[in-house]
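What follows is each chain in one-letter form.
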Amino acid sequence: MPNQKLVSSGGIYKGKTSMWLYIFHRVTGVALFGYLLLHIISTALILLGPEVYEGAEAIYKNFYFRVAEIGLFGAVLAHAINGLRIITVDLWKKGSDYQKQLNLISLVIFIGVFVPSSYRMVVSYFDLCLEKSSPGTTVTDCIIRPIPDWK
Amino acid sequence: MKTQRTDWGRRQPPLAGSSFELYAWFFMRVSGLLLVLLAVGHMFIMHVFNDTLNLDYEFVAARWDTPYWRAFDWLLLALSLLHGTNGLRVVLHDNISDTTVRKLSLSALYVTSLGFFVLGTYVIVAFVSKV
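Described below are features of the structure shown in this document. Everything quoted here is computed from the prediction, not taken from an experiment.

Some thoughts on the overall build of chain A
Then comes step 1: When its secondary structure is counted, chain A shows six helices and zero strands.
Then comes step 2: Start at the N end of chain A and walk to the C end: the helices and strands fall as α-α-α-α-α-α.
Then comes step 3: When burial is assessed residue by residue, chain A has 40% of its 151 residues classed as buried.
Then comes step 4: Carbon and sulfur atoms make up 71% of the accessible area of chain A, which amounts to about 8800 Å² in all.

Quick look at the structure:
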């Protein structure tokens, strides 16, 4: 059955790591679409004036959301780099012969960008939290406090 | 010889007629490349070069004072919604075998996306600073 052979053994994406990356791309894609809708709503509140907009933004200004933001940054970055990898496999003649190398290069680029960026996001959070909060605020306060005491 | 299909429920390549899927495939590559610049750029600008702790009404008002940032944000809005909608269309198509449920899900997706596109466009165009 030549047709069935073609269906079951062909396909650029066959292979352990690349198959997981295919699933990873879908999961991050769906998650990012969900976040996009949330983000459009929270930004749309700006039409209702400074009080409403900044009241909504205050929900995001704690360490729990900082961790979530780092996750969001990682998801966008990983989806983007994996997308570039997919384009390379699709359009480069020898792309499918060098899948392992391309996977490894993608991972190295991701770590190289993600680690310093997320480090900066953590350091900047504590710098600004301690600077803006009332005197006597500790690092622990900045970690556990759900709503900032400044505007 | 009779061919046995083992992949029921998956998208089948169109045999003839519409080349919509080909254009959709191509669109995902082109919009993806642009979104690497727009979306990753947006993340760097808002989260690394600035900090969201500093994000307030005045920050957005100053940003949208120039038409270029409004254009940047609108392009990001339009491309990410289209890219995401097409991605979700493929995911729903691949994973829902019941025709009625699939059609309902896809309709809900298109209505939602269109609604958010209209809302987002309205916000970017209609915003006038109150400070």
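A closer look at the nonpolar core
Then comes step 1: Among the nonpolar cores identified, the biggest contains 24 residues, and Phe33(A), Ile46(A), Trp64(B) and Leu81(B) are the most heavily contacted of them.
Then comes step 2: Filtering out sequence-adjacent residues up to four positions away, Trp64(B) remains in contact with Thr43(A), Ile46(A), Trp69(B), Arg70(B), Asp73(B), Val123(B), Ile124(B) and Phe127(B).
Then comes step 3: Counting residues in each nonpolar core, the second largest holds 22 residues, with Ile70(A), Leu72(A), Val76(A) and Leu76(B) among its members.

A few points about empty space enclosed by the protein
Residues and elements named next belong to chain A.
Then comes step 1: Summed over all chains, the structure comprises one cavity of 30 Å³ or more.
Then comes step 2: The space that makes up the largest cavity amounts to roughly 60 Å³.
Then comes step 3: Those elements that provide at least two residues to the lining of the largest cavity are helix H5 (99–132) and helix H6 (139–144).
Then comes step 4: Its residues placed into classes, the lining of the largest cavity shows seven nonpolar, no polar and three charged.

Remarks on the state of the cysteines
Residue and element names in this part refer to chain A.
Then comes step 1: Under the defined criterion, the tally for this structure stands at one disulfide over all chains.
Then comes step 2: Covalent S-S linkage joins Cys129 and Cys142, the inter-sulfur distance amounting to 2.1 Å. Its torsion about the S-S bond being -100°, the disulfide of Cys129 and Cys142 is classed as left-handed. Residue Cys129 is found in helix H5, and its partner Cys142 is found in helix H6; the two are separated by 13 residues along the sequence.

Here's the deal with the layout of surface pockets
Residue and element names in this part refer to chain A.
Then comes step 1: A volume near 200 Å³ is recorded for the second largest pocket.
Then comes step 2: Only helix H2 (16–44), helix H4 (63–91) and H5 provide two or more residues apiece to the lining of the second largest pocket.
Then comes step 3: Here the lining of the second largest pocket is built from residues that sort into six nonpolar, four polar and one charged.

Things to note about the packing of H4(A) against helix H1 (residues 20–49) of chain B
Then comes step 1: Relative to each other, H4(A) and H1(B) sit at 150°, their axes nearing to 10 Å. Taken as axis vectors, H4(A) and H1(B) run roughly antiparallel relative to one another. As for the relative orientation of H4(A) and H1(B), their crossing is left-handed in sense. Across the interface between the two elements, Glu69(A), Leu72(A), Phe73(A), Val76(A), Leu77(A), Ala80(A), Leu84(A), Ile86(A), Ile87(A), Asp90(A) and Leu91(A) from H4(A) touch Trp25(B), Arg29(B), Leu33(B), Val36(B), Ala39(B), Val40(B), Met43(B), Phe44(B), His47(B) and Val48(B) from H1(B).
Then comes step 2: Grouping the constituent residues of the contact of H4(A) with H1(B) by class yields 17 nonpolar, one polar and three charged.

Some remarks on H2(A)
Then comes step 1: Over its 29 residues, H2(A) extends 42 Å from the first C-alpha to the last, a length consistent with the 42 Å expected when each residue adds 1.5 Å.
Then comes step 2: Where H2(A) is concerned, the buried positions are Ser18(A), Leu21(A), His25(A), Thr28(A), Leu32(A), Phe33(A), Leu36(A), Leu37(A), Ile40(A), Ser42(A), Thr43(A) and Ala44(A).
Then comes step 3: Tucked inside the fold, the buried residues of H2(A) contact helix H3 (50–58), H4 and H5 of chain A together with helix H3 (67–95) and helix H4 (99–126) of chain B.

Brief notes about the packing of aromatic side chains
Then comes step 1: Overall, the coordinates contain 12 aromatic pairs over all chains when judged by the stated rule.
Then comes step 2: Ring geometry for Trp69(B) versus Phe72(B): centroids 5.1 Å apart, planes at 65°, classification edge-to-face. Linking Trp69(B) with Phe72(B), this pair stays in helix H3, spanning three residues, or about one helical turn.
Then comes step 3: One aromatic cluster is present, built from ring pairs that chain together Phe63(A), Tyr125(A) and Phe126(A).

Quick notes on the interface of chain B and chain A
Then comes step 1: Residue-level contacts link 50 residues of chain B with 49 residues of chain A.
Then comes step 2: Interface of chain B and chain A: buried area, both sides summed, is about 4000 Å²; carbon and sulfur atoms make up 73% of it.
Then comes step 3: Counting across the interface, chain B meets chain A through three salt bridges.
Then comes step 4: Two residues, Arg29(B) and Asp90(A), come together in a salt bridge whose shortest N-O distance is 2.5 Å.
Then comes step 5: At the junction of chain B with chain A, the criterion picks out 11 residue pairs in polar contact (both at pLDDT 80 or more).
Then comes step 6: For the side of chain B that touches chain A, the elements supplying multiple residues, two or more each, are H1, helix H2 (57–63), H3 and H4 of chain B.
Then comes step 7: Among the residues forming the side of chain B that touches chain A, the class breakdown is 27 nonpolar, 15 polar and eight charged.

Let's talk about the pattern of salt bridges
Residues and elements named next belong to chain A.
Then comes step 1: Counted under the stated rule, the structure contains seven salt bridges over all chains.
Then comes step 2: Arg145 is paired through a salt bridge with Asp149; the nearest N and O atoms lie 3.8 Å apart.
Then comes step 3: Judged by its relative accessible area of 40%, Asp149 is partly exposed.

The rules we used
- Residues numbered from 1 in each chain as written.
- Chains lettered and ligands numbered in written order.
- Predicted model: local features only at pLDDT ≥ 70, side-chain atom pairs only at ≥ 80, totals over all residues.
- Heavy atoms only, no water.
- Helix = DSSP H or I, 4+ residues; strand = E, 2+ residues; numbered from the N terminus.
- Buried < 20%, exposed > 50% of the residue type's maximum accessible area, 1.4 Å probe, protein only.
- Areas by Shrake-Rupley, 256 points an atom, 1.4 Å probe, with all protein chains shown as cover.
- Core = buried A, V, L, I, M, F, W, Y, C linked by side-chain atoms within 4.5 Å.
- Contact = heavy atoms within 4.5 Å.
- 1 Å grid on protein atoms, 1.4 Å probe; cavity = no way out; pocket = protein on both sides within 12 Å on 5 of 7 lines; lining within 4 Å.
- Points joined across faces, edges and corners; volume = space filled by probe spheres on them.
- Nonpolar A, V, L, I, M, F, W, Y, C, P; charged D, E, K, R; others polar.
- Disulfide = S-S within 2.5 Å.
- Axes fitted to C-alpha atoms, helices over the stretch in contact; angles between N-to-C directions.
- Parallel < 35°, antiparallel > 145°, perpendicular 65-115°, else oblique.
- Left-handed = near helix turned anticlockwise from the far one by under 90°.
- Expected span 1.5 Å × (residues − 1).
- Phe/Tyr/Trp six-rings, centres within 6.5 Å; stacked < 30°, edge-to-face > 60°.
- Buried area = accessible area lost by both parts, 1.4 Å probe.
- Salt bridge = Lys/Arg side-chain N within 4 Å of Asp/Glu carboxyl O.
- Polar contact = N/O pair within 3.5 Å; in protein donor to acceptor, adjacent residues only side chain to side chain.

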